[in-house]
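Residues per chain are reported as follows:
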Amino acid sequence: MLGDFGPISRIEIWRDEAAPWDDWYVDYVMIAHVGSKTKYYFPVHRWIRSYRRYSIKEFDVVLPQHDDCHAARADELKEKRMLYEFVRQVPGLPTQVKTLPVDESFSNEYKWNIVQRKVQMLTESAITKRIIYKWTKLDDIKSMFKFKHFPVPSSVEEWQTDEHFARQRLTGVNAVMIRLCERIPDNLDVDDQMLRPFLEDKTIVQAISAKKLFYTDHKLLKGLATDEHTELCSPLALFYLRNDGTLVPVALQLFQEKAPTNPVFLPSDPKYTWLLAKMWYNNADAQYHQALTHLGLTHLVMEGVAVCTHRNLSPSHPMFRLLAPHFLYIIAINTRGLSVLMCDGGWIDKTLAMKSTGTFELIRRG
């Protein structure tokens, strides 16, 4: 039995020579003093190499100027810089890691969860295809939502309303486009006579002065190459904040240039004309979100931040501790996404009008 040797402030971890399939990842070490019921927590979060001793302080959060293991810290960063090398996988896109480090790979549990979910979704999708009937009206869309992984959307009863369409600009998946309108864009073909019925009898100038007019502009979509059988618009839209606090669309123009063949759609248009204009807008907005907001400005940009963090901050650095949970699997997801989803004939080519070529171009523009 060990005697009472006082509080534990540091531990050392090491291992013997490496052998096949004996990789050792240590999440943390907890030491409990049975008598005093004191617990000491040492977060490790490292693969233990066979050729190195690891000195871990309690809680392992220390700035470099306060760390008395400078040599070990420097050696660890030197190894990290060899593992996390920068490269530009696609011209014009953010830099990424050259080769996926083993430390960034999906865990077996995570892989198994993906496989299970994929099998369940494929099964549900196959059953749905067999039992679904031909749609004859818009409400028939509800018939495809029957199972756990394809539940009925919460907006199924209101997706056609103007209020829901406007709410998507604030709380939808791409709620980054809307701006306060301080002047009408030169290429948006609207005037007072056209808009006044929807501005609670205000002129455009009065609505702007009252800060009640907002707009979105998907100009970055203009001219993107698409599949020869599809069309992708680059819309502009105006939204008005009513006196009761409700935001609603008041004008939609689906392409950038003023032209007789590019009309401005209004809430007073026939019901399905106006609905189709909103659907075309949402199609463009969804592709903008998928390619730029989500993939380009989230996944790919953050991979560069993750790689830079690994190359320059020790796992013991306080900022590394704060950032690391947000980097979990992002490099592995990006590596798989570019190789599977963005490849020729992949998911992007099958589902988006602008395909992978247009997706890469939109990221470059953004």
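Criteria and thresholds
- Residues numbered from 1 in each chain as written.
- Predicted model: local features only at pLDDT ≥ 70, side-chain atom pairs only at ≥ 80, totals over all residues.
- Heavy atoms only, no water.
- Pairing = 2+ DSSP bridges.
- Helix = DSSP H or I, 4+ residues; strand = E, 2+ residues; numbered from the N terminus.
- Contact = heavy atoms within 4.5 Å.
- Axes fitted to C-alpha atoms, helices over the stretch in contact; angles between N-to-C directions.
- Expected span 1.5 Å × (residues − 1).
- Bend = angle between axes of the 7 residues up to and from the residue.
- Buried < 20%, exposed > 50% of the residue type's maximum accessible area, 1.4 Å probe, protein only.
- Phe/Tyr/Trp six-rings, centres within 6.5 Å; stacked < 30°, edge-to-face > 60°.
- Parallel < 35°, antiparallel > 145°, perpendicular 65-115°, else oblique.
- Left-handed = near helix turned anticlockwise from the far one by under 90°.
- Nonpolar A, V, L, I, M, F, W, Y, C, P; charged D, E, K, R; others polar.
- Core = buried A, V, L, I, M, F, W, Y, C linked by side-chain atoms within 4.5 Å.

(A) Representation of the sheet that holds strand 8 (residues 213-217) in the model. Spatially, 7-8-9-10-11 is the arrangement adopted by the five strands of the open sheet, whose pairing is antiparallel. One side of each edge strand has no neighbouring strand; the edge strands of this open sheet are strand 7 (179-180) and strand 11 (264-265). As paired strands, strand 10 (residues 247-253) and strand 11 are joined by two bridges and run antiparallel to one another. Note that in strand 11 the partner of L252 across the bridge is F265. Strands strand 8, strand 9 (236-241) and strand 10 of the sheet are contacted by helix 3 (residues 162-171), whose axis makes an angle of about 90 degrees with strand 10. Against the sheet, helix 6 (residues 271-312) contacts strand 8, strand 9, strand 10 and strand 11, and its axis sits at roughly 85 degrees relative to strand 10.

(B) Fine view of helix 6. Its 42 residues give helix 6 an end-to-end C-alpha distance of 57 Å, which sits within 8% of 62 Å, the value for a rise of 1.5 Å per residue. At L295, helix 6 shows its maximal bend, which comes to roughly 45 degrees.

(C) Structural detail: the pairing of strand 4 (residues 54-57). Only one face of strand 4 is covered, namely the one carrying Y54 and I56; the face carrying S55 and K57 has none of its residues buried. Note: strand 1 (residues 10-13) against strand 4, four bridges, orientation antiparallel. Each residue of the ladder has a partner; that of R10, found in strand 4, is K57.

(D) Highlighting the packing of aromatic side chains. With the rule as written, the count across this model stands at seven aromatic pairs. Ring geometry for Y110 versus Y329: centroids 4.4 Å apart, planes at 45 degrees, classification tilted. Of this pair, Y110 sits in helix 2 (residues 108-131) while Y329 is found in the loop between helix 7 (318-323) and helix 8 (330-341), placing the two residues 219 residues apart along the sequence. You can call Y329 buried: its relative accessible area is 14%. Residues F165 and Y281 carry aromatic rings whose centres are separated by 5.3 Å and whose planes lie at 70 degrees to one another, so their mutual orientation is edge-to-face. Of the two residues, F165 is situated in helix 3 and Y281 in helix 6; the sequence distance between them amounts to 116 residues. Judged by its relative accessible area of 1%, F165 falls in the buried class. Taken together, the ring pairs in this structure connect F106, Y110 and Y329 into an aromatic cluster.

(E) A look at the packing of helix 3 against helix 6. Relative orientation of the contacting elements helix 3 and helix 6 amounts to 15 degrees, with a least axis distance of 12 Å. In terms of axis orientation, helix 3 runs roughly parallel to helix 6. The chirality of how helix 3 crosses helix 6 is left-handed. Along the contact surface, helix 3 presents D162, F165, Q168 and R169, while helix 6 presents W274, K278, Y281, N282 and D285. Considering only residue class, the contact of helix 3 with helix 6 consists of three nonpolar, two polar and four charged.

(F) View of the pairing of strand 8. Where burial is concerned, most of strand 8 is hidden: four out of the five residues are buried. Sheet topology note: the strand 8/strand 9 ladder contains five bridges and is antiparallel. Note on strand 9: the bridge partner recorded for D217 is L236.

(G) Quick look at the nonpolar core. Grouped together as the largest cluster of nonpolar side chains are 35 residues, with contacts concentrated most on L221, L232, F239, L252, M354 and L362. Elements with a minimum of two residues in this core: helix 3, strand 9, strand 10, helix 6 and helix 10 (355-365). The leading source of residues in this core is helix 6, at nine residues. Among residues more than four places away in sequence, those in contact with M354 are L224, A225, T226, L232, Q287, A291, T359 and L362. Membership of the second largest hydrophobic core comes to 19 residues, among which are I204, L238, V250 and V264.

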